[in-house]
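# Breakdown of the fold
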Amino acid sequence: MSTAYTQERLQRHIAEAAAQVRARHPLAGSITNAVTVDFVANAQLAAGGAPAMVYLPDEGEFLASVGGATYINMGTLLPIHAETLPRTVRALAAQHKPWVLDPVAIGIGALRQELLVDFKDYPPCVVRGNATEIIALAHLWQLDTDAAKANLRGVDAHNAVTEARGAAVALARHTRGAVAVSGEVDLVTDGACVLHCYGGNHFMEKVTGFGCSLGGVVAVYACCSEPLVAALAATQLYNLAGQRAAAVAQGPGSFQVAFLDAVYNAQPAEIAAVPFDIEDA
Amino acid sequence: MSTAYTQERLQRHIAEAAAQVRARHPLAGSITNAVTVDFVANAQLAAGGAPAMVYLPDEGEFLASVGGATYINMGTLLPIHAETLPRTVRALAAQHKPWVLDPVAIGIGALRQELLVDFKDYPPCVVRGNATEIIALAHLWQLDTDAAKANLRGVDAHNAVTEARGAAVALARHTRGAVAVSGEVDLVTDGACVLHCYGGNHFMEKVTGFGCSLGGVVAVYACCSEPLVAALAATQLYNLAGQRAAAVAQGPGSFQVAFLDAVYNAQPAEIAAVPFDIEDA
Amino acid sequence: MSTAYTQERLQRHIAEAAAQVRARHPLAGSITNAVTVDFVANAQLAAGGAPAMVYLPDEGEFLASVGGATYINMGTLLPIHAETLPRTVRALAAQHKPWVLDPVAIGIGALRQELLVDFKDYPPCVVRGNATEIIALAHLWQLDTDAAKANLRGVDAHNAVTEARGAAVALARHTRGAVAVSGEVDLVTDGACVLHCYGGNHFMEKVTGFGCSLGGVVAVYACCSEPLVAALAATQLYNLAGQRAAAVAQGPGSFQVAFLDAVYNAQPAEIAAVPFDIEDA
């Protein structure tokens, strides 16, 4: 499949998305895990969005309705998620609202597996995960029968991003959206083009929630732009802020603080200028 | 209604409240939202209090009984809150213990609405919220029938503080306590006097939990002082610490870190010296 | 009871444990409280471990099975813990997997008491708590009938560490593991020797989660070493990092940030060199 995008056009879209978010402060509700919920909210605020986190079914439906996009992260499930998540994704689908899925911890527990299977028919506009999670989700949705069954170990990333290329493209084509695979070089695809994104820092693996909060920021951008641009713009914001934070950090604690500062201070043109390559899928 | 307070007398009370809290480290239990629970606890500790957070009904009753005051924040409700919150507010009322209500996210979801209606007959000693939340609560409790029905959008503040003056006074008179409305200029009232409080910084809107943690610190102060003083002293501590943090912050991440340092380092006389105006309600 | 350990042998084990953790990044799952779950995960990452946090019963069993050790912290219980915790400790016992118990808030609420009683027959390899909590657990398990019944006040520590010596030794002998009592001078025992550990800083009482996150780091070390060494190595890492953080902190906010940096940067030989005394139990 060939793509209609050029690098210049995508850079223009990144800058527009970042500027729109800063101007409009769009509401992006989240149903997300307890470990990193604070970081998700603070990253969304720093990027220019308005966060709101809920657990209950009618509150998930409400945010689906009033928000520009919704973020769903599968970590630290509670029993109520068995009701909240199906109702929320149905509300999102019924209203053609975009949402972002982070399939964190895929492979652990019966409820998570059951919910993720259910989502196949109410697909997100963006899936964000590490290589192992993306491969596992494509396998769960039977989109990538050749991919080796993911050999999961907790919430770690241990597959290389390049190994997830086929799974990411398959997921993007099924969802008619985009997929962002986080790693040393990130991969973003809409099923037609594949983008390789540079930057970031190794400390992003040494603080919990960089993946989760990136997913939350993708949802903020998805309030103002199409899936591929939302996934790419948020990824490049993180790559820029990660590099800037690393320049002043003494360790993971100061890295996270400097990262939030850098997200807040990043200008649209700077985000658009972070290097990436484009190729056909 | 005219007030018995003068500015000087209130300043003396602020300094006494702050000094008492630092000397006694009072226990103020919290039932609060998952997003900012860490920040609430750390702000309470930095101010001199002793935090304890719970979810279960008998634990809420226990903290109501042993704590000097209790903080109840309505964010991120779970099913168990349907039992825990009514039982806790009844225990507080039966023991004439002060408590602080943050009606965050008022207007979202059936359970929150039902619980807030129930609280009308077991009133808090202090309500803390932004202008939109205060207007909505006065409306829900049918205390301010002229106030326009709140036009809510997520957890954002978009009504100006001055618009909430009537609602705040009405709530304070109903509860026979105090109301603190957070904004660029904060408003604190006991239904007899209205105080306008200066300071703070715009970064307090760019990090999640400044409102929640202020509510938690009001509860700490309410262990040692009457409602108006508790609401005012905590508000002024935040105004002072916000200004000091802004002087060194590079963005929202470093602002939050510097803010906790400044709360910890603020001296009673300095908190009392933060400017505010007083007028009759 | 006399001990086979010498100070030099323990120092060698500390350095080995720290080096192993940095080399292997062992997975240590946690069922832990909502207040400090973020700090627990970040401390585990900074120490070299791989965290994973869950609430649901089958997920607790899964982590018990695949992790090197598990951390169970009794704060902020939800109804689901009534099922998750008994199933998880049984899975741990059945597979002879080490786990670390933090009996935080012992004495508050019926469910916590019931669960802690149940754990007596599925004992952890390390118990970590403050003096009050350790005394209360020994009393609950009827291991220390002479100890005064703990006079609890919230989650504060108000018994001195030395008062908990008998309770700690009794618990260590019952569990055939180790006990770490946190305080100004920490006490670590395996029931045969008693270690007194120096360092740390008063700010560790002024930020929530230093106790919880220490428990999480003990679990990470317990993936690679025996209980006494795991408890001691983690305690000394905290004593070292606390001193280093205090040298640059302006208050509790900057202390926590600098602490995580210091945990990350601490070298095995430096951790082993933190002073401690050894005596027979």
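Met74(A), Phe119(A), Phe119(B), Met74(C) and Phe119(C) are the most contacted members of the largest nonpolar core, which totals 144 residues. Those residues in contact with Phe119(C), other than ones at most four positions away along the chain, are Ile72(C), Met74(C), Leu85(C), Val89(C), Trp99(C), Leu101(C) and Trp141(C).

Before going further, it helps to examine the relation of the copies chain C and chain B. The operation relating chain C to chain B is a screw motion whose rotation component is 120 degrees, with 0.0 Å of axial translation and a residual RMSD of 0.0 Å. Viewed as a symmetry operation, the transformation between the two copies matches a three-fold axis. Residues of chain C ranked by C-alpha distance from the rotation axis are headed by Ala34(C), positioned 3.9 Å from it. Taken together, the interface assignments show that only 7% of the residues at the interface of chain C recur at the interface of chain B, consistent with different surfaces on the two copies.

The subject of this paragraph is the interface of chain C and chain B. Contact with chain C, which involves 28 residues of that partner, is made by 26 residues of chain B. Around 2,200 Å² of area is buried between chain C and chain B when both sides are counted, 65% of it from carbon and sulfur atoms. Inspection of the region where chain C meets chain B yields one salt bridge. For Glu59(B), the salt bridge goes to Arg112(C), with nearest N and O atoms at 3.3 Å. In terms of residues, the side of chain C that touches chain B owes the most to one element, helix α10 (residues 252-265) of chain C, which gives five residues. Counted by class, the side of chain C that touches chain B contains 13 nonpolar, 10 polar and five charged residues.

A word on the sheet that holds strand β7 (residues 186-189) of chain A. Residue and element names in this part refer to chain A. What the nine strands build is an open sheet, ordered β2-β1-β3-β4-β5-β6-β7-β8-β9; its pairing is mixed. Looking at strand neighbours, the two that pair on one side only are β2 (50-53) and β9 (276-280), the edges of this open sheet. Neighbour-to-neighbour, the strand axes of the sheet open up by a mean angle of 20 degrees, direction not taken into account. Judged from the five bridges that link them, strand β8 (residues 193-197) and β9 form a sheet pairing that is antiparallel. In the sheet register, Leu195 faces β9, and the bridge partner there is Ile278. Sheet strands in contact with helix α3 (residues 57-66) are β1 (27-31), β2 and β3 (69-73), and its direction is about 155 degrees off that of β1. Sheet strands in contact with helix α8 (residues 210-222) are β1, β3, β4 (99-102), β5 (126-130) and β6 (178-182), and its direction is about 165 degrees off that of β3.

Where interface size is given, it is often the accessible area lost as the parts come together that is meant. Taken together, the contacts link 28 residues of chain B with 26 residues of chain A. Interface of chain B and chain A: buried area, both sides summed, is about 2,200 Å²; carbon and sulfur atoms make up 65% of it. In this assembly, chain B and chain A are joined by one salt bridge. The tally of links from chain B across to chain A stands at seven residue pairs in polar contact (both at pLDDT 80 or more). Contributing elements (two or more residues each) for the side of chain B that touches chain A: α5 (110-119) and α10 (252-265) of chain B. Among the elements that take part in the side of chain B that touches chain A, α10(B) stands out by supplying five residues, more than any other. Among the residues forming the side of chain B that touches chain A, the class breakdown is 13 nonpolar, 10 polar and five charged.

Criteria and cut-off values
Counting restarts for each chain: residues are numbered from 1 in the order of the written sequence. Starting at A for chains and at 1 for ligands, labels are handed out in the order in which the entities are written. Note on the predicted model: pLDDT of at least 70 is required for a residue's local features to be given, and 80 or more for side-chain atom pairs to be given and counted; whole-chain, interface and lining totals, by contrast, use all residues. In computing side-chain properties, one takes all heavy atoms of the structure into account and sets aside hydrogens as well as water. Nine residue types can take part in a nonpolar core, namely buried Ala, Val, Leu, Ile, Met, Phe, Trp, Tyr and Cys, and a core is a set of them joined through side-chain atoms within 4.5 Å. Relative accessibility decides the category of a residue: with a 1.4 Å probe and only protein chains considered, values under 20% of the type maximum give buried, values over 50% give exposed, and everything between is partly exposed. For this analysis, residues touch if any pair of their heavy atoms sits within 4.5 Å. Only residues with pLDDT of at least 70 in both copies count here: their C-alpha atoms drive the least-squares fit that superposes the copies. Note: buried area is the sum, over both parts, of the accessible area (probe 1.4 Å) each one loses when the two are combined. Each reported salt bridge corresponds to a side-chain nitrogen of Lys or Arg within 4 Å of a carboxyl oxygen of Asp or Glu. The numbering of helices and of strands both runs from the N terminus, where a helix is a DSSP run of H or I of at least 4 residues and a strand a run of E of at least 2. When residues are grouped by polarity, Ala, Val, Leu, Ile, Met, Phe, Trp, Tyr, Cys and Pro land in nonpolar, Asp, Glu, Lys and Arg in charged, and all others, Gly among them, in polar. Two strands qualify as a pair provided DSSP detects at least 2 bridges between them. Between the N-to-C directions of two axes lies an angle of 0 to 180 degrees, each axis being a line fitted to C-alpha atoms and, for a helix, fitted only over the stretch in contact. Any pair of N or O atoms that falls within 3.5 Å is considered a polar contact. Within protein, one atom must be able to donate a hydrogen and the other to accept it, and sequence-neighbouring residues count only if both atoms are side-chain atoms.

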